[in-house]
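# Examining the three-dimensional arrangement
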Amino acid sequence: MTDILIVGSGAMALLFGARLAASDHKVTLLGTWREGIQAINQSGIRIAGDLKRDSYPAQGVTDPLKIPPVKLALLLVKSWQTERAAKQLAQILDPEGIVLSLQNGLGNLEILGEILGDRRAAQGVTTYGATLIGPGVVCPGGEGIISVQPHPGLDPLIQCLKQSGFSIQEVKNLSGLVWSKLIINVAINPLTALLNVKNGQLLDNKYSKGLMSLAACEAGNVAQALGIELGYEDPVSAVEAVAAATAENISSMLQDIRRGAPTEIDAMCGAVVRAGRSVNLNTPVNEIMLLLIQARENIMRISENENNDNNE
Ligand code: PAF
């Protein structure tokens, strides 16, 4: 049994927590969403539609100083919460410990490295998905894969994840994978959130399908200009394939908008716009998606400081 800290109490944190607890690891979730943390402490983590077990044991805390120092941590908060989470981790992560970020978007590893030091920060990309049903309750998406960059000190965490049934591969070209996922995210997430549709419905008409391919092409051009080697040949067909494969999914950004939480638009389209500028490329479609989602967030009067909200 290994102690594992999961930072987050949203859908992905619950998914990883339940599976690690199922293989007898001692799981603690550190989150800001009080209702979610309370539900975990009262009833453990619950998986919607799981007929095998009522719940998976886990401890929830909102104050990092309530738990002893940790050696292994998984970071599964939204990208706009990375800095706050890294500062919390700085208080409790063992000098020889490590945190693996499996978050969406660009820039998370850089923030972790700055606050915790590169030796204690690692990044991966995952295609596992999950939907938050309510406090402490999650509905897993289909099976996926976790890709991590080889990192000294990551082995114990990789072993725990493998024991818990996660598929993991080590990849040399992590920035290629991060960008490959980023392109999928900028093409699918804002459009599903703005149009209030499931991923697959973007393929149903030529207008949303066209916008999706314009966003993907722009981001693909930026990646190419930066010399990033993507995991696929053609961004447009890759995005269409993911939209078809995840047709019934409510994207993470639409889930955020529906529950009135801030989105990860800045680490997605915002990051593409900034990276484009760095290589003198305009990215008008990504810029408009960025502004539209920011306007939507503003209309909903979302405050990034309202840490007690259900926003992980
Ligand atoms: O963010 C998401 O929802 C997912 O990364 C993806 C691939 C768009 C599927 O829903």
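An account of the accompanying structure is given in this report.

Reading the values: the criteria
Residues numbered from 1 in each chain as written. Predicted model: local features only at pLDDT ≥ 70, side-chain atom pairs only at ≥ 80, totals over all residues. Heavy atoms only, no water. Pairing = 2+ DSSP bridges. Helix = DSSP H or I, 4+ residues; strand = E, 2+ residues; numbered from the N terminus. Axes fitted to C-alpha atoms, helices over the stretch in contact; angles between N-to-C directions. Contact = heavy atoms within 4.5 Å. 1 Å grid on protein atoms, 1.4 Å probe; cavity = no way out; pocket = protein on both sides within 12 Å on 5 of 7 lines; lining within 4 Å. Points joined across faces, edges and corners; volume = space filled by probe spheres on them. Nonpolar A, V, L, I, M, F, W, Y, C, P; charged D, E, K, R; others polar. Domains from an automatic or database assignment.

### Quick notes on the sheet that holds strand S5 (residues 70–75)
Ordered by their spatial adjacency, 8 strands build an open sheet running S4-S2-S1-S5-S6-S7-S10-S11, and the pairing between neighbours is mixed. In this open sheet, the two edge strands, each paired with only one partner strand, are strand S4 (59–61) and strand S11 (168–170). Strand-to-strand twist of the sheet, defined as the mean angle between neighbouring strand axes without regard to direction, takes the value 25°. Summarising the sheet, strand S7 (residues 121–126) and strand S10 (residues 146–148) pair through 3 bridges and their orientation is antiparallel. What sits directly across from valine 125, in S10, is serine 147. The strands touched by helix H2 (residues 34–43) are strand S2 (26–30) and S4; relative to S4, the strand with the most contacts, the crossing angle is about 155°.

### A look at empty space enclosed by the protein
The full count for this structure, using the stated rule, is 1 cavity of 30 Å³ or more. Space inside the largest cavity adds up to approximately 70 Å³. As for the largest cavity, its lining consists of Gln103, Asn104, Gly105, Leu106, Gln123, Val125, Thr126, Val178, Lys181, Leu182 and Asn185. Take the lining of the largest cavity: its biggest share by element is 4 residues, from helix H6 (residues 174–195). Looking at the lining of the largest cavity residue by residue, the class counts come to 4 nonpolar, 6 polar and 1 charged. Composition of the lining of the largest cavity by domain shows at least three residues from each of domain 1 (3–170) and domain 2 (174–308).

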